[in-house]
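Fold and geometry: a report
Below, each chain spelled out in residue letters.
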Amino acid sequence: MNQAAVTPQRADMVLFLIVVALLGFGTLAVYSASSSMAFVQADSTEYYLFRHLMKVVAGIALIFFLSKIDYHIILQYSKPLILTAVIILLITLIAGGEKKGATRWLELGPISFQPSELAKWALILHLATLLPRKAEVINDFGKGILPILTWAGPLILLIAIQPNFSTAMVLVMITVSMMILANLKIKYLLTLAAVVIPAGILYVIMSPYRLNRIQMFLSGHEDSNYQLAQALIALGNGGLFGVGIGESKQRDFFLPEPFNDFILPIIGEEYGFIGVIVLLAAFWYLLVRGIRITKRAPDPQGFYLAAGIVITITLYAIINTGVTCGLFPTTGLPMPFISYGGTSILFSCAAVGILLNISKQAVTEKPPEEDDE
């Protein structure tokens, strides 16, 4: 019979090249989308470019570094990491910096840090250690589901209080998705939905700002949402092939956050429908390579960890695309590897480094040994 074996391999270079290509393209897109605002704010069109480029270089260094560290070693620190995330989230609520009515950032001198990013990846690490131990009892509420919710619940609650509803809901989706992979039965999935959905509705109702966003989305009139209206104008301006690199009109003080969460419409304007499709195809192929690594993970911990990483990156890409095209309510989730920012890029690159390490330990099939005659 064939025997599965773990053999030393090279990291998945295709996955690595896709991520590097996304980071490189994102750097070019950030420069184009931010140049006008940078010139006004800092008298230099390269102000945001240089800041973004430093994060990209640091992110690539993290990929190399973490791809060489056995992911089992990293998983040993999942519990301290998740406890640290809880503490930092509490500190942020008390002493964090407020931006746009939300306390999501912790200022450490010149460094601005978003603790929800640490919380997200710490949760994935810990679920990867917890789910293999709970796989046999995942459908026992007391022994399987409750211990998982005990770790995920406080993080989701603290992030929701900031308030950061979109990230909190992503953590819910990641947790549930990983539990489904552990064969959570549909009746328990529906029970969780019966709790989470009303809680989410109540959360939105209690916030006039969030309720207004939902009402604007449900109305179907993009004119009631200035940011979305400008994004759709940008996408429309791009047509099939785009207006050309650096030729965007909407970036010039029409579209808010043109190099952050709403960078995709600027890409659509400059590179056209074809450019957007190529970008989304890159994320699709990243998903395909990630699934391949997940299937060939050498053990359950590697399987759940790889799955959590792939699910998270894919969710962010889908939600960001949907938001900027008007398919989902407006929210503040970045496009992975593309949007301007430090915390998201660094943690996403760190996750890719871990995923590459899992790929180096992939399971291969030994050929059947021939019987001696």
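Residues numbered from 1 in each chain as written. Predicted model: local features only at pLDDT ≥ 70, side-chain atom pairs only at ≥ 80, totals over all residues. Heavy atoms only, no water.

A word on the overall build of the protein chain. The helix and strand tally for the protein chain stands at 13 helices and five strands. Each of the 373 residues in the protein chain was classed as buried or not, and the buried ones make up 49%. Accessible surface computed for the protein chain: about 18000 Å², of which carbon and sulfur atoms make up 68%. (Helix = DSSP H or I, 4+ residues; strand = E, 2+ residues; numbered from the N terminus. Buried < 20%, exposed > 50% of the residue type's maximum accessible area, 1.4 Å probe, protein only. Areas by Shrake-Rupley, 256 points an atom, 1.4 Å probe, with all protein chains shown as cover.)

A rise of 1.5 Å per residue sets the reference length of helix α11 (residues 263–295), with its 33 residues, at 48 Å; its end C-alpha atoms lie only 33 Å apart and thus fall more than 12% short of the reference. The largest bend along α11 reaches roughly 125° and is located at Tyr271. (Expected span 1.5 Å × (residues − 1). Bend = angle between axes of the 7 residues up to and from the residue.)

This part takes up the nonpolar core. Proteins that are soluble and globular tend to have nonpolar side chains buried together. Leu131, Leu305, Phe337 and Ile354 are the most contacted members of the largest nonpolar core, which totals 99 residues. With twelve residues, helix α12 (residues 300–324) is the single largest residue contributor to this core. If sequence neighbours within four positions are ignored, Phe337 has contacts with Val19, Leu22, Leu23, Gly26, Phe283, Leu286, Ile313, Ser348, Cys349 and Val352. (Core = buried A, V, L, I, M, F, W, Y, C linked by side-chain atoms within 4.5 Å. Contact = heavy atoms within 4.5 Å.)

This paragraph deals with the pattern of salt bridges. The tally for this structure, following the rule as stated, stands at five salt bridges. A salt bridge links Asp12 to Arg289, with the shortest nitrogen-to-oxygen separation between them at 3.1 Å. Taken as a pair, Asp12 in the loop between β1 (3–6) and α1 (13–42) and Arg289 in helix α11 lie far apart in primary sequence, 277 residues in all. Between Asp12 and Arg292 there is a salt bridge whose closest N-O contact spans 3.9 Å. (Salt bridge = Lys/Arg side-chain N within 4 Å of Asp/Glu carboxyl O.)

The next subject is the confidence of the model for the protein chain. Mean pLDDT over the protein chain stands at 87; residues scoring 70 or higher make up 88%. Here residues 366–373 scores under 50 on pLDDT; set against residues more than four positions off or in separate chains, the count is five contacts. (pLDDT = per-residue confidence, 0-100.)

For Ser32, the position within the fold is in helix α1. Classification of Ser32 as buried rests on a relative accessible area of 5%. Side-chain polar atoms of Ser32 contact the side chain of Glu270, separated by 2.5 Å. Filtering out sequence-adjacent residues up to four positions away, Ser32 remains in contact with Gly246, Arg251 and Glu270. (Polar contact = N/O pair within 3.5 Å; in protein donor to acceptor, adjacent residues only side chain to side chain.)

Moving on, we come to the packing of α1 against α11. Direction vectors running N to C along α1 and α11 enclose 160°, while the axes themselves pass 10 Å from each other. On the basis of their axis angle, the class for α1 and α11 is roughly antiparallel. The handedness of the crossing between α1 and α11 comes out as left-handed. Each of Val14, Leu15, Ile18, Val19, Leu22, Phe25, Leu28, Ala29, Val30, Ser32 and Ala33 in α1 lies in contact with α11, whose residues at this interface are Ile263, Ile266, Ile267, Glu270, Tyr271, Leu279, Ala282, Phe283, Tyr285, Leu286, Arg289 and Ile293. (Axes fitted to C-alpha atoms, helices over the stretch in contact; angles between N-to-C directions. Parallel < 35°, antiparallel > 145°, perpendicular 65-115°, else oblique. Left-handed = near helix turned anticlockwise from the far one by under 90°.)

Time to look at the packing of aromatic side chains. Here the structure, examined in full by the defined rule, presents seven aromatic pairs. Plain terms: the ring middles of Phe16 and Phe64 are 5.3 Å apart, the flat faces sit at 65° to each other, and that makes the pair edge-to-face. Residue Phe16 is found in helix α1, and its partner Phe64 is found in helix α2 (residues 47–67); the two are separated by 48 residues along the sequence. With relative accessibility at 44%, the residue Phe64 sits in the partly exposed group. Ring centres of Phe259 and Tyr340 lie 5.4 Å apart, and the angle between their planes is 85°; on these two criteria the pair is classed as edge-to-face. Here Phe259, found in the loop between α10 (226–238) and α11, pairs with Tyr340, found in the loop between α12 and α13 (343–360); they are 81 residues apart in sequence, far enough to count as distant. Across the pair, Tyr340 and Phe259 agree in class, each one buried. Among the aromatic side chains, those forming a connected cluster through ring pairs are Tyr47, Tyr48, Phe259 and Tyr340. (Phe/Tyr/Trp six-rings, centres within 6.5 Å; stacked < 30°, edge-to-face > 60°.)

Next up on the list: helix α6 (residues 141–161). Over its 21 residues, α6 extends only 26 Å from the first C-alpha to the last, a length that falls short of the 30 Å expected when each residue adds 1.5 Å. Approximately 35° is the largest bend angle found in α6, and it occurs at Thr150, with the proline Pro154 only one to four residues beyond. Within α6 the residues assigned to the buried category are Gly144, Ile145, Ile148, Ala152, Leu155, Ile156, Leu158, Ile159 and Ala160. Buried residues along α6 sit in contact with α4 (78–95), α5 (115–134), α7 (165–181) and α8 (186–205).

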